[in-house]
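A look at the structure
Each chain is listed here by its residues.
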Amino acid sequence: MPENSHAPAAIAAIIPAMDESARIAATVASAKQIPGVDIVMVVDDGSSDDTGPLARRAGAEVVTHRKNKGKAAAMMTGAFAIRNREISDADPGQEPEHRALLFIDGDLEDSALNTAPLAAPVLAGEADMTIAILPAQKRKGGGFGFVVGLAKKGIAELSGFEATQPLSGMRCLSREAFDAALPFAAGWGVEAAMTIDVVGAGLRVTEVECDLHHRVTGRDLKAQLHRAAQYRDVARAILVRRLRAKRGGK
């Protein structure tokens, strides 16, 4: 970490979610059990169901997007809401105490607690960003590896980091790592871009195995359209950073 930084003392769990009414309450309840977490914030990203009310009932603070803005925007909304809280809580003339930011998918249900190992290295000042490596999922499904392959290749080319699961959305960041990743890449390119930007800033990134289970995307038409959008967003994020590297700046 930079010399003027220090390890965070607490964790804010940020859960971007859209139409997760069947899973969000269990995810929030599990996230609240993570050691060090003192805020669970759900960003309801334009849900058409009861995701927001159910999250609030489960004990989360909720910020709502009236219209869907995408995962990256929801992540930033949650992080900036936490930052505003920290600034408001600081005494006049005192630097705010920044929490580590633990991003959790809304469909993890009871396994959200198992993101705890992501926080430990950041809280200890041993890493600036940690990325979850998930086990093979129990439910059948998944894609054909095109998006993952594109992300892996782009991350390695632009940062030298060999990512095991480059699209993993479960991550814990120090405030320095979060700032280094701004502005987030749009849509589904956010994770690959985040890794490139944080490593490129000279910060420490490590992968951590976590026993997490989430909803697996199938292989029907809707799923294939989703993967096409993922591929588009990841390709765009990599292209932007490739051009930026050629110009010699961020």
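Described below are features of the structure shown in this document. (Residues numbered from 1 in each chain as written. Predicted model: local features only at pLDDT ≥ 70, side-chain atom pairs only at ≥ 80, totals over all residues. Heavy atoms only, no water.)

**What to know about the environment of His65**
By the element assignment, His65 lies in strand β3 (residues 61-65). Owing to a relative accessible area of 5%, His65 belongs among the buried residues under this scheme. Ignoring anything within four residues of it in the chain, the contact list for His65 reads Val43, Asp44, Asp45, Gly46, Ala73, Ala74 and Thr77. A polar side-chain atom of His65 sits 2.8 Å from a polar atom in the side chain of Asp45. (Helix = DSSP H or I, 4+ residues; strand = E, 2+ residues; numbered from the N terminus. Buried < 20%, exposed > 50% of the residue type's maximum accessible area, 1.4 Å probe, protein only. Contact = heavy atoms within 4.5 Å. Polar contact = N/O pair within 3.5 Å; in protein donor to acceptor, adjacent residues only side chain to side chain.)

**Remarks on the packing of aromatic side chains**
Any pair of aromatic rings gets described here by the distance separating the centres and the angle formed by the planes. Under the defined criterion, the tally for this structure stands at 2 aromatic pairs. Plain terms: the ring middles of Phe80 and Phe178 are 5.7 Å apart, the flat faces sit at 75° to each other, and that makes the pair edge-to-face. Placement of Phe80 in helix α3 (residues 71-89) and of Phe178 in helix α6 (residues 175-181) is noted, with a sequence separation of 98 residues between them. On the numbers, 5.5 Å between centres and 75° between planes, the contact of Phe178 with Phe184 is edge-to-face. By relative accessible area, which is 0% here, Phe178 ends up buried. We classify Phe184 as buried; its relative accessible area is 9%. Taken together, the aromatic side chains of Phe80, Phe178 and Phe184 make up a single cluster linked through ring pairs. (Phe/Tyr/Trp six-rings, centres within 6.5 Å; stacked < 30°, edge-to-face > 60°.)

**Section: the packing of helix α5 (residues 146-159) against helix α7 (residues 190-200)**
It is the contact of α5 with α7, at a shortest axis distance of 9 Å, that shows an interaxial angle of 15°. For the element pair α5 / α7, the angle class is roughly parallel. Considering how the two elements wind past one another, α5 and α7 form a crossing that is right-handed. Facing α5, whose interface residues are Ala151, Gly154, Ile155, Leu158 and Ser159, α7 presents Ala192, Thr195, Ile196 and Val199. (Axes fitted to C-alpha atoms, helices over the stretch in contact; angles between N-to-C directions. Parallel < 35°, antiparallel > 145°, perpendicular 65-115°, else oblique. Left-handed = near helix turned anticlockwise from the far one by under 90°.)

**Quick look at helix α1 (residues 24-31)**
Listed in full, the buried residues belonging to α1 are Ile24, Thr27, Val28, Ser30 and Ala31. Buried residues along α1 cover an arc of 165° about the axis, so they all sit on one side. Where the residues of α1 are buried, they touch β1 (11-17), β2 (37-45) and α2 (51-57). (Arc of directions from axis to C-beta.)

**Observations concerning the side chain of Ser159**
Following the sequence through the fold, Ser159 ends up in helix α5. Within the structure, the side chain of Ser159 is placed 2.7 Å from the backbone oxygen of Ile155, a separation counted as a polar contact. In this structure the side chain of Ser159 is engaged in a polar contact, spanning 3.2 Å, whose partner is the backbone nitrogen of Phe161. In this structure Ser159 touches Ile196 and Val199, once residues within four positions along its chain are discounted.

**As for the nonpolar core**
Counting residues in hydrophobic clusters, the biggest one holds 34 residues, and the most contacted among them are Leu101, Met129, Phe184, Met194 and Val198. The element contributing the most residues to this core is α7, with 6 residues. Among residues more than four places away in sequence, those in contact with Leu101 are Ala12, Ile14, Ala79, Ile82, Arg171, Cys172, Leu173, Arg175 and Phe178. One finds Val28, Ala100, Ala119 and Cys172 within the second-largest nonpolar core, a separate group that totals 29 residues. (Core = buried A, V, L, I, M, F, W, Y, C linked by side-chain atoms within 4.5 Å.)

**Description of the pattern of salt bridges**
A complete count under the given rule lists 14 salt bridges for this structure. Here Glu20 makes a salt bridge to Arg23, at a shortest N to O gap of 3.8 Å. Under the relative-accessibility criterion, Glu20 is labelled buried at 7%. Taking the relative accessible area as the measure of exposure, Arg23 reaches 23% and is therefore partly exposed. Its salt-bridge partner being Arg99, residue Asp38 comes within 2.8 Å of it at the nearest N-O pair. Here Asp38 is found in strand β2, whereas its partner Arg99 is found in the loop between α3 and β4 (100-103), with 61 residues between them in sequence. Salt bridges linked by common partners bring Asp38, Glu86, Arg99 and Arg175 together as one network. (Salt bridge = Lys/Arg side-chain N within 4 Å of Asp/Glu carboxyl O.)

**Observations regarding the sheet that holds β3**
Taken in spatial order, the 7 strands of this open sheet run β3-β2-β1-β4-β6-β5-β7, and their pairing is mixed. With one partner strand each, in any of the chains shown, β3 and β7 (205-209) form the two edges of the open sheet. With strand direction ignored, the average angle separating the axes of adjacent strands in the sheet is 20°. Taken together, the 3 bridges between strand β5 (residues 129-133) and strand β6 (residues 171-173) define a ladder with antiparallel strand orientation. Residue Ile131 lies in a different strand from β6, and its bridge partner there is Arg171. Against the sheet, α3 contacts β1, β2, β3 and β4, and its axis sits at roughly 140° relative to β2. (Pairing = 2+ DSSP bridges.)

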